[in-house]
Amino acid sequence: MQKRAFYIRALAPEDRAWLIQFLHEHWGDSIMVSRGVTHDLTTYPGFIAIRDGERIGLLTYHIQEHNCEVTSLDSLLPSLGIGTALLEAARGEAVRQHCSRLWLITTNDSIDALRFYQKRGFTLVAVHRDAISGSRKIKPGIPLLGAHGIPIRDEIELEFLLA
């Protein structure tokens, strides 16, 4: 087994300035909307991937009623296992917190994300048709077109059962 060239640690208070800058650079904002709920990611716990002192990945999550929602996941260096390692850390924390499922929302244009999560054991559980129009009322900056020029319309819910 090959040793990872990075490690994962929990978000810490000293990461706050970096977190705010990272979210604005990669998401345009620190606010996410899923299923009509507004999430301020700067207030959520999470995990960071670090290599050679540089932060190269981020996952934030929110636990509510024995459900752990992954609210963001980013890897700055694809194909190194960073996203998988961050998900494993979140899964471990969800188990420690006695959650019954790990879940997330992505959008219909996120073909790469859909492939990534399904390869890691997540199951499609719902398509919330035209949910993004409601999200745009809360967060007007959500673009009309996403990856590959696909119109962003629907929220797709995936889950990984823990119990």
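Residues numbered from 1 in each chain as written. Predicted model: local features only at pLDDT ≥ 70, side-chain atom pairs only at ≥ 80, totals over all residues. Heavy atoms only, no water.

Of regular secondary structure, the protein chain possesses 4 helices and 9 strands. Listed by position from the N terminus, the elements making up the protein chain come as β-α-β-β-β-β-β-α-β-α-β-α-β. A globule of 163 residues ought to have a C-alpha radius of gyration of about 15 Å, and the protein chain, at 15 Å, matches this closely. Structurally, the protein chain occupies a C-alpha span of about 40 × 35 × 30 Å along its principal axes. (Helix = DSSP H or I, 4+ residues; strand = E, 2+ residues; numbered from the N terminus. Rg over C-alpha atoms; globule rule 2.2 N^0.38 Å.)

Attention now moves to helix α4 (residues 131–138). Among all positions of α4, only Ala131, Ile132, Ser135 and Arg136 are buried. Down the axis of α4, the smallest arc covering the buried residues is 140°, so these residues share one side. Residues of α4 that are buried in the fold lie against β2 (31–34), β7 (101–107), β8 (123–128) and β9 (155–161). (Buried < 20%, exposed > 50% of the residue type's maximum accessible area, 1.4 Å probe, protein only. Arc of directions from axis to C-beta. Contact = heavy atoms within 4.5 Å.)

Before going further, it helps to spend a moment on the nonpolar core. The biggest cluster of nonpolar side chains holds 26 residues, and the ones touching the most others in it are Leu59, Leu73, Leu87, Leu102, Tyr117 and Phe122. Of all the secondary structure elements, the ones that give two or more residues to this core are β4 (46–51), β5 (54–64), β6 (67–75), α2 (82–96), β7, α3 (111–119) and β9. The element contributing the most residues to this core is α2, with 7 residues. With residues up to four places along the chain from it excluded, the contact list for leucine 73 reads Trp27, Leu58, Leu59, Gly83, Leu86, Leu87, Phe116 and Tyr117. Trp18, Phe22, Met32 and Leu41 belong to the second-largest nonpolar core, a separate cluster that totals 11 residues. (Core = buried A, V, L, I, M, F, W, Y, C linked by side-chain atoms within 4.5 Å.)

All right, on to the layout of surface pockets then. Approximately 1200 Å³ is the volume found for the largest pocket. Of all the elements in the fold, those that place two or more residues in the lining of the largest pocket are β2, β6, α2, β7 and α3. Sorting elements by how many residues they give to the lining of the largest pocket places β6 first, with 7 residues. When grouped by side-chain class, the residues that make up the lining of the largest pocket number 20 nonpolar, 15 polar and 8 charged. (1 Å grid on protein atoms, 1.4 Å probe; cavity = no way out; pocket = protein on both sides within 12 Å on 5 of 7 lines; lining within 4 Å. Points joined across faces, edges and corners; volume = space filled by probe spheres on them. Nonpolar A, V, L, I, M, F, W, Y, C, P; charged D, E, K, R; others polar.)

It is worth spelling out the side chain of aspartate 154 at this point. Turning to its location among the elements, aspartate 154 is positioned in the loop between α4 and β9. Although buried, aspartate 154 forms no salt bridge, and the nearest oppositely charged side chain, arginine 153, lies 4.4 Å from it. A polar atom in the side chain of aspartate 154 sits 2.8 Å from the backbone nitrogen of aspartate 130. Setting aside its immediate chain neighbours within four residues, aspartate 154 contacts Thr106, Thr107, Asn108, Val127, His128, Arg129, Asp130, Ala131 and Ile132. (Lys, Arg positive; Asp, Glu negative; His and termini not counted. Salt bridge = Lys/Arg side-chain N within 4 Å of Asp/Glu carboxyl O. Polar contact = N/O pair within 3.5 Å; in protein donor to acceptor, adjacent residues only side chain to side chain.)

What follows concerns the pattern of salt bridges. Enumeration over the complete set of coordinates arrives at 7 salt bridges. Aspartate 15 is paired through a salt bridge with arginine 9; the nearest N and O atoms lie 2.7 Å apart. Each of Arg9, Asp15 and Arg55 takes part in salt bridges that share partners, so that together they form one network.

Further remarks concern the environment of serine 72. Among the structural elements, serine 72 can be located in strand β6. Residue class for serine 72 comes out buried when judged on its relative accessible area of 3%. C-alpha separation for the pair serine 72 and isoleucine 105, spaced 33 residues apart in sequence, amounts to 9.3 Å. With near-sequence residues (within four places) excluded, serine 72 lies in contact with Trp27, Leu41, Leu58, Leu59 and Thr60.

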